[in-house]
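Read off the chains here:
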Amino acid sequence: TRNAGSYNEESNKVKVSVNTSSLDNKTRLSPLYGKSAVEVYVHELKHAAISYALKMANQFGASKTIQELLNLQMAAMEHLDWTIFMPDNVPTELQQENEEQAKKLWNYIFNKTKKEQLGGLHEFITYGLTNKAFMAALKDKLAPTKYNKEGKTFLLDRIVSTTLALLDLVFGKNKIEA
């Protein structure tokens, strides 16, 4: 009943399911998540690239970069809660379902065991690069002091620059300079 997508690391395939019958006729967006099929596809493609980069990071000497991303994820958690994943203007009859989905996604991203951390991290990064509400909530929050040069570095900017540095390293463009 909604647009959905997934990235399978083992098969290296992106799957997008589009349910046009559930789309709003005016906006063409899913009422449950508010993402168009294109947004879902771009989100899943970013998953593929980020998942690969995280998997390969240690081979490229980027363990400090991974740790920085994990620290930024924890810092973001201080500024967000599960409601960030709630769509706007939810019909009353879908409120409970939307709240359950939002809490489930929150737990998937932020409440991981040490062993599961990278799964939550790649979801965190992907949402940080594709979800408007998520990005808006972090764009004016200062990054942790350790990563904040002269008190002018914002959390979203640091997430983006660190992720780009990792992707550049793994895909052969540069060395880590984030």
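Since the model is a prediction, treat every value here as computed from it, not as a measurement.

I tried to follow helix α6 (residues 155-170) on my own but got confused; where do I start?
Spacing of three or four residues puts side chains on the same side of an α-helix, whose turn is 3.6 residues. Here α6 contains 16 residues, and its C-alpha end-to-end distance of 23 Å stays within 8% of the 22 Å for a straight helix at 1.5 Å per residue. If you check which residues of α6 are buried, you get L155, L156, R158, I159, T162, T163, A165, L166, L167, L169 and V170. Against α1 (37-56), α2 (63-79), α4 (117-130) and α5 (132-138) lie the buried residues of α6. Directly beyond the C-terminal end of α6, a positive phi value near 90° is found at G172.

For this particular structure, what's the right way to read the packing of aromatic side chains?
For any two aromatic rings, the description comes down to two numbers: the centre-to-centre distance and the angle of the planes. Using the criterion set out here, one finds seven aromatic pairs in the structure. Between the aromatic rings of F85 and Y127, the centroid separation amounts to 5.3 Å while the plane-to-plane angle is 80°, which identifies the pairing as edge-to-face. Separated by 42 residues along the polypeptide, F85 in the loop between α2 and α3 (95-110) and Y127 in helix α4 bring together distant segments of the chain. Neither F85 nor Y127 differs from the other in exposure class; each is buried. Looking at K103, its charged tip hangs above the ring of W82, at a distance of 4.7 Å from the centre.

What is the right way to read the pattern of salt bridges from this model?
When the charged atoms of two side chains lie near each other, side chains of opposite charge can form a pair. Under the counting rule described, the total for this entry stands at two salt bridges. Across the pair R158 and E68 runs a salt bridge whose closest N-O atoms are separated by 2.5 Å. You can see R158 sitting in helix α6 and its partner E68 sitting in helix α2, a full 90 residues away along the chain. For K141, the salt bridge goes to D140, with nearest N and O atoms at 3.4 Å. On the basis of relative accessible area, K141 is assigned to the partly exposed category, the value being 25%.

Help me out: how do you make sense of the nonpolar core in this one?
Proteins that are soluble and globular tend to have nonpolar side chains buried together. Core analysis: the largest hydrophobic core is formed by 36 residues, its most contacted members being L80, F85, L121, F124, F134, L138 and L166. Elements represented by at least two residues in this core include exactly α1, α2, α3, α4, α5 and α6. The leading source of residues in this core is α6, at seven residues. Residues in contact with L121, not counting those within four places in the same chain, are L54, I66, L69, L70 and Q73.

Definitions and cut-offs
Residues numbered from 1 in each chain as written. Predicted model: local features only at pLDDT ≥ 70, side-chain atom pairs only at ≥ 80, totals over all residues. Heavy atoms only, no water. Helix = DSSP H or I, 4+ residues; strand = E, 2+ residues; numbered from the N terminus. Expected span 1.5 Å × (residues − 1). Buried < 20%, exposed > 50% of the residue type's maximum accessible area, 1.4 Å probe, protein only. Contact = heavy atoms within 4.5 Å. Phe/Tyr/Trp six-rings, centres within 6.5 Å; stacked < 30°, edge-to-face > 60°. Lys NZ or Arg CZ within 6 Å of the ring centre and 35° of its normal. Salt bridge = Lys/Arg side-chain N within 4 Å of Asp/Glu carboxyl O. Core = buried A, V, L, I, M, F, W, Y, C linked by side-chain atoms within 4.5 Å.

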